[in-house]
Amino acid sequence: MKHSAWNTIKELLYMYWTMFQIGICTFGGGYAMVSILERELAEKRKWISSSELLDYIAIGQITPGVIAVNMATFVGRKKKGIPGSIACTLGVITPSIIIITIIAAFLTNFQNNEYVQHALAGIRVCVGALILNAVIGFIKKTVIDLLSLVIFLCVFILAVFTRIETVWFIAGIIVISVIATLILGEKFYQPAKKKDPDSKKEAGN
Amino acid sequence: MNLLIMCLEFMKTGLFAVGGGLATIPFLYEMAVRYPWFTSQDVLTYIAIAESTPGPIGINMATYAGYTSFGWFGGILATLSLALPSFVVILIVAGMLDKFRTNRFVLGGFKMLRPASTGLIAAAGFNVILTVFFGVEKITFSMLGRIGEIFTQVNWLAMIMFAVLFAAMRYFRKIHPIFFILASAGLGILLKL
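Residues numbered from 1 in each chain as written. Chains lettered and ligands numbered in written order. Predicted model: local features only at pLDDT ≥ 70, side-chain atom pairs only at ≥ 80, totals over all residues.

### Considering the overall build of chain B
A tally of helices and strands in chain B yields eight helices and zero strands. Each helix and strand of chain B, placed in order from N terminus to C terminus, yields the pattern α-α-α-α-α-α-α-α. Taking 2.2 N^0.38 as the reference for a compact globule, 193 residues should give roughly 16 Å; the C-alpha atoms of chain B span a radius of gyration of 21 Å, well beyond that estimate. In chain B, buried positions account for 43% of the 193 residues. Across chain B, contacts joining residues at least 24 apart in sequence account for 44% of those joining residues at least 6 apart. (Helix = DSSP H or I, 4+ residues; strand = E, 2+ residues; numbered from the N terminus. Rg over C-alpha atoms; globule rule 2.2 N^0.38 Å. Buried ≥ 20, exposed ≤ 12 C-beta atoms within 10 Å, placed from the backbone. Contact = placed C-beta atoms within 7 Å.)

Okay, structure coming up:
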């Protein structure tokens, strides 16, 4: 009994540490984080699947709060229930608390420093490449038929060229999907016959 | 007592700011007006610092604002208070999802939401790349007519660096992203990007 309790603690600490690393790798908005989550949690550790990650992102857009916390709570709960979600959430916010407290206490004008500016410009290039890299993987997994292609293109074009807020995209899609489910019935909402590799993985867990 | 009010204010922010860290900014301005803890000028600093440091923007801003208000303990409490509401909401939503996983509306909803999420992430990536390459943060339909005027400056150095980084990410899949981030920070300083 004692042994298993120790194992649980070890696992929770590992989850805390994993999310701590992800917190450090996050620069800018929540999307920069997505590429890291995909690589570290879906691809490498297999705590969640890519489709689940995308589901969480969509939910994170319409639920209150910082997306990183939403993600951490979801992932932690999936892996180890409420203790897991606490470990993951604390993990993702700890680096911020440490780094910001140090900067606030000691480094005035940190953001105006010339080297910081150049380093950030470099990091922005990297964030762009990281997101593009993640997007390629997501397209392969989610744009699988004509309907998904149309949705992807419409959302992409509108999000790039208009100032519509993200929450409205998600709300709109939900309304359309409810109508489509009501009108088209089973042939709309049933998963396609050809199973994608992700759903197989889930079934295996 | 003041500390308690601050915690409640950050919980309120966490509960009502929908759509990520940047959505907390209006709430911070409201706090600046209503309480003597920090000024609206300070909020500008919080945004600049939060965007220039590792960690999610909303969390970074909360830590900084809490620190200015009540020291390091205030920073920790403000951050935890901001995170608490979304933590609780997500636990509830996740519980409901487990229950209604096979519900037809949930199945249909996620079927459409997944490619939509991909589209949103792609658009965010597009805007980052636009800023990095051309120094333009956003293009709208109305700007398409004078596209020549908008793309006057091209940052070739950033483009080459982007291509090299991207190729390296595709080729060396085992390398942790933090390595690429650190390398590009170094390159940014070396190349004076």
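Having seen it, we continue.
### Quick word on the nonpolar core
Counting residues in hydrophobic clusters, the biggest one holds 111 residues, and the most contacted among them are Ala68(A), Cys126(A), Ile131(A), Tyr64(B), Ala116(B) and Ile121(B). Residues contacting Ala116(B), with those up to four places away along its chain left out, are Ala58(A), Ile151(A), Val155(A), Phe169(A) and Ile173(A). (Core = buried A, V, L, I, M, F, W, Y, C linked by C-beta atoms within 7 Å.)

### Here's the deal with the interface of chain B and chain A
Between chain B and chain A, the contact holds 86 residues from the first and 95 residues from the second. Where the side of chain B that touches chain A is concerned, the elements lending two or more residues are helix H1 (2-16), helix H3 (40-52), helix H4 (57-99), helix H5 (104-134), helix H7 (156-171) and helix H8 (177-191) of chain B. Looking at the side of chain B that touches chain A, the element that brings in the most residues is H5(B), giving 26 residues. Of the residues assigned to the side of chain B that touches chain A, the class counts are 56 nonpolar, 24 polar and six charged. (Nonpolar A, V, L, I, M, F, W, Y, C, P; charged D, E, K, R; others polar.)

### Here we look at the domain arrangement of chain B
Partitioning chain B into structural domains gives domain 1 (2-99) and domain 2 (104-191). Computed over C-alpha atoms, the centres of domain 1 of chain B and domain 2 of chain B are 27 Å apart. (Domains from an automatic or database assignment.)

### Points about the packing of helix H5 (residues 114-142) of chain A against H7(B)
At a closest axis distance of 9 Å, the pairing of H5(A) and H7(B) adopts a crossing angle of 45°. When the axis of H5(A) is compared with that of H7(B), the two are oblique. Two packed elements cross with a definite hand, and for H5(A) against H7(B) that hand is right-handed. Counting all contacts with H5(A), which are made through Val125(A), Cys126(A), Gly128(A), Ala129(A), Leu132(A) and Asn133(A), the residues of H7(B) involved are Ala158(B), Met161(B), Phe162(B), Leu165(B), Phe166(B), Met169(B) and Arg170(B). Residues belonging to the contact of H5(A) with H7(B) are distributed by class as follows: 10 nonpolar, two polar and one charged. (Axes fitted to C-alpha atoms, helices over the stretch in contact; angles between N-to-C directions. Parallel < 35°, antiparallel > 145°, perpendicular 65-115°, else oblique. Left-handed = near helix turned anticlockwise from the far one by under 90°.)

### What about the environment of Ile36(A)?
Position of Ile36(A) relative to the elements: it lies in helix H2 (residues 30-44). Taking C-alpha positions, Ile36(A) is 17 Å from Val66(A), a pair spaced 30 residues apart along the chain. Those residues in contact with Ile36(A) that lie beyond four places of it in its chain are Ile22(A), Cys25(A), Thr26(A) and Pro177(B).

### Some thoughts on the domain arrangement of chain A
Residues and elements named next belong to chain A. For chain A, the domain assignment lists domain 1 (1-141) and domain 2 (143-200). Using only C-alpha atoms to locate each centre, domain 1 and domain 2 end up separated by 26 Å. Tallying the contact residues gives eight residues for domain 1 and seven residues for domain 2. Counting residues per element, the ones that place at least two in the side of domain 1 that touches domain 2 are helix H3 (50-62) and H5. It is H3 that provides the largest number of residues to the side of domain 1 that touches domain 2, a total of five residues.

### Topic: helix H2 (residues 25-34) of chain B
All names here are of chain B. All of the buried residues along H2 are Phe27, Leu28 and Met31. On an axial view of H2, the arc spanned by its buried residues comes to 100°, and they lie on one face. Where H2 is buried, its residues touch H1, H3 and H4. (Arc of directions from axis to C-beta.)

### Remarks on the packing of H7(B) against H8(B)
Residue and element names in this part refer to chain B. Where H7 contacts H8, the two axes come as close as 12 Å, and the packing angle between them is 160°. Taken together, the axes of H7 and H8 lie roughly antiparallel to each other. Crossing handedness for the pair H7 and H8: right-handed. On the side of H7, the interface is formed by Leu157, Met161, Leu165 and Met169, while H8 contributes Phe180, Ser184, Leu187 and Leu191.

### Some remarks on unusual backbone geometry
Even without glycine at this site, Lys46(A) takes up a positive phi of about 60°. Within the element layout of this structure, Lys46(A) appears in the loop between H2 and H3. Look at Lys192(B): it is not a glycine, yet its phi comes out positive at around 50°. Topologically, Lys192(B) is positioned in the segment after H8. When the 12 C-beta atoms within 10 Å are taken as the criterion, Lys192(B) is described as exposed.

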